[in-house]
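# Structural characterization, general
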Amino acid sequence: MKPATAARLTALALAGAALLSGPAFADAVVAKINGIEIKESDLKLAEAEVGSELHSIPEDKRKRLLLEFMIEMRLFAEAADGQKLTTGPDFEKRLAYWNMRAKRDAFYEASVRGGISEAVVRGIYDDKVKEIPREDEVNASHILVDGEEKAKEVLGKVEKGEDFSKLAEEYSSDPGSKANGGKLGYFGKGQMVKEFETAAFALKKGEVSKPVQSKFGWHIIKIEDRREKPLPTYEQVKDQILDSMVQQKGQQVAQELRGKAEIDYVDPEIREEVRKETAMAAARKKMQEQQFEEQIKQMENKGGEGEKPAGEAGKAD
């Protein structure tokens with residue numbers, strides 16, 4: 001989690017302390033700091049603020065992480081009270097900003113994120129999964145040596161029944177797989193050098209290759225398994241799909257609200273920049289409309305050229 005995140009959460013706590021402890025959030029207490037309760041609903045507010053930064057964190061660890069940040073925020077808030085930093089014009093401006101932000105978040109959750117149901121996200125997932133091309137994967141192990149003669153020597157030991165993984169640990173010069181018995185795991189096409197890939201995908205499960213040369217040396221390849229690459233599960237990607245849909249809908253709603261508002265850019269530099277952007281957007285739109293009209297005319301002309309009135313056809317005969 002970034003330091004900036006802690007700062008944002010701290011400001012959120014300062015601005016919304018009354019909301020977090022109000023009767024509307026009468027739920028389970030997860031911790032107390034100097035007698036002040038931190039509840040499940042407090043963690044939900046913090047998660048709404050930094051949820052996009054938590055996707056890489058295992059779900060069973062997120063609650064503890066959010067709680068530690070809430071503890072930190074509360075401690076910072078108490079320290080601010082102790083130093084009498086919670087009064088004056090600057091603090092009032094900060095409160096006003098976070099009050100506006102809280103209202104924005106309430107609207108966003110209700111009208112943007114709240115308008116996207118689980119069924120819609122699932123439907124997008126089902127459609128996208130159908131479009132993913134099926135790919136084959138192999139699970140391979142290998143032994144890498146410097147020369148062809150050494151490769152033939154090791155292959156002879158494999159063919160006599162010696163354990164492939166033990167031979168890899170003894171002879172392989174690949175530091176990434178040597179200690180693991182030469183295991184490379186599953187991979188698809190395009191992930192290995194061409195010579196290695198061609199040889200690996202030509203083998204059946206359980207087969208061992210003849211010595212294969214690549215820029216790294218000489219390989220002896222064993223195929224442990226073959227399979228069709230598993231598709232991502234709904235649980236793995238649902239948050240990404242939801243975030244993408246929320247972002248798109250948020251932009252749409254923002255444009256609708258802007259269209260209804262009177263916005264006056266007072267700063268001259270910004271005003272000029274906006275004017276140029278607006279003019280360019282209008283020019284692009286006009287060009288696209290002209291291109292579309294030309295395409296329609298061309299289609300209509302081609303259709304007309306392919307037809308002749310019955311009378312004209314008779315004269316031609």
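Look above for the structure.
Residues numbered from 1 in each chain as written. Predicted model: local features only at pLDDT ≥ 70, side-chain atom pairs only at ≥ 80, totals over all residues. Heavy atoms only, no water.

### Remarks on the overall build of the chain
Spelled out, the test is: Put simply, DSSP marks the helices as runs of H or I at least four residues long and the strands as runs of E at least two long, and each gets a number from the N terminus on. Exposure categories follow from relative accessible area, calculated using a 1.4 Å probe and restricted to protein chains: below 20% of the type maximum is buried, above 50% is exposed, and the middle band is partly exposed. Residue contacts are defined here by distance: any two heavy atoms, one from each residue, within 4.5 Å place the two residues in contact. Note that accessible areas follow from Shrake-Rupley with a 1.4 Å probe, and for residues the cover is restricted to the protein chains shown.
Assigned secondary structure in the chain consists of 11 helices and 6 strands. The buried share of the chain, taken over its 317 residues, is 26%. Taking all contacts inside the chain whose residues are at least 6 apart in sequence as the whole, residues at least 24 apart take part in 63%. Carbon and sulfur atoms make up 52% of the accessible area of the chain, which totals about 21,900 Å².

### A closer look at the sheet that holds strand 5 (residues 212-214)
Inclusion rule: Whether two strands pair depends on DSSP finding at least two bridges between them. Axis definition: a line fitted to C-alpha atoms, limited for helices to the stretch in contact. Angles are taken between N-to-C directions and run from 0 to 180 degrees.
Taken together, 4 strands build an open sheet; the order of strands is 4-3-6-5 and the sheet is antiparallel. Lying at the two open borders of the sheet, with one neighbouring strand each, are strand 4 (183-187) and strand 5. Looking at each pair of strands side by side, their axes are set apart by 40° on average, direction ignored. Here 10 bridges tie strand 3 (residues 136-145) to strand 6 (residues 217-228), and the two strands are oriented antiparallel to one another. Its bridge partner lying in strand 6, His142 is registered against Ile221. The strands touched by helix 6 (residues 148-159) within the sheet are strand 3 and strand 6, with strand 6 carrying the most contacts at an inclination of about 50°. The strands touched by helix 8 (residues 194-201) are strand 3, strand 4, strand 5 and strand 6; relative to strand 6, the strand with the most contacts, the crossing angle is about 50°.

### As for helix 8
Within the sequence span of helix 8, burial applies to Phe196, Glu197, Ala199, Ala200 and Phe201. Considering only its buried residues, helix 8 is in contact with strand 3, strand 4, strand 5 and strand 6.

### Regarding the side chain of Glu197
Along the chain, Glu197 falls in helix 8. The class of Glu197 is buried, set by a relative accessible area of 9%. The contact partners of Glu197, leaving out residues within four places of it in the chain, are Lys189, Gly190, Gln191 and Met192.

### Examining the nonpolar core
Heads up, the condition is: Side-chain atoms within 4.5 Å link the members of a nonpolar core, which is a set of buried Ala, Val, Leu, Ile, Met, Phe, Trp, Tyr and Cys residues.
In terms of nonpolar packing, the biggest core is built from 12 residues, these being Val112, Ile116, Val121, Tyr125, Val129, Tyr234, Val237, Ile241, Leu242, Met245, Val246 and Val253. Mapped onto this core, the elements with two or more residues apiece are helix 5 (118-131) and helix 9 (234-260). With 7 residues, the top contributor of residues to this core is helix 9. Among residues more than four places away in sequence, those in contact with Val253 are Phe107 and Val112.

### Describing unusual backbone geometry
The residue Asn34 is not glycine, and still its phi comes out positive at about 50°. With respect to the secondary-structure elements, Asn34 resides in the loop between strand 1 (29-33) and strand 2 (36-39).

### Re the pattern of salt bridges
For the record, the criterion: Note on definitions: salt bridges are taken to be side-chain nitrogens of Lys or Arg within 4 Å of carboxyl oxygens of Asp or Glu.
Evaluated as defined, the whole model comprises 16 salt bridges. With a closest N to O distance of 2.8 Å, Glu40 and Lys63 form a salt bridge. Placement of the pair is Glu40 in helix 2 (residues 40-50) and Lys63 in helix 3 (residues 59-82), with a sequence separation of 23 residues. Given a relative accessible area of 26%, Glu40 falls into the partly exposed group. Lys63 gets classed as partly exposed once you look at its relative accessible area, which sits at 44%.

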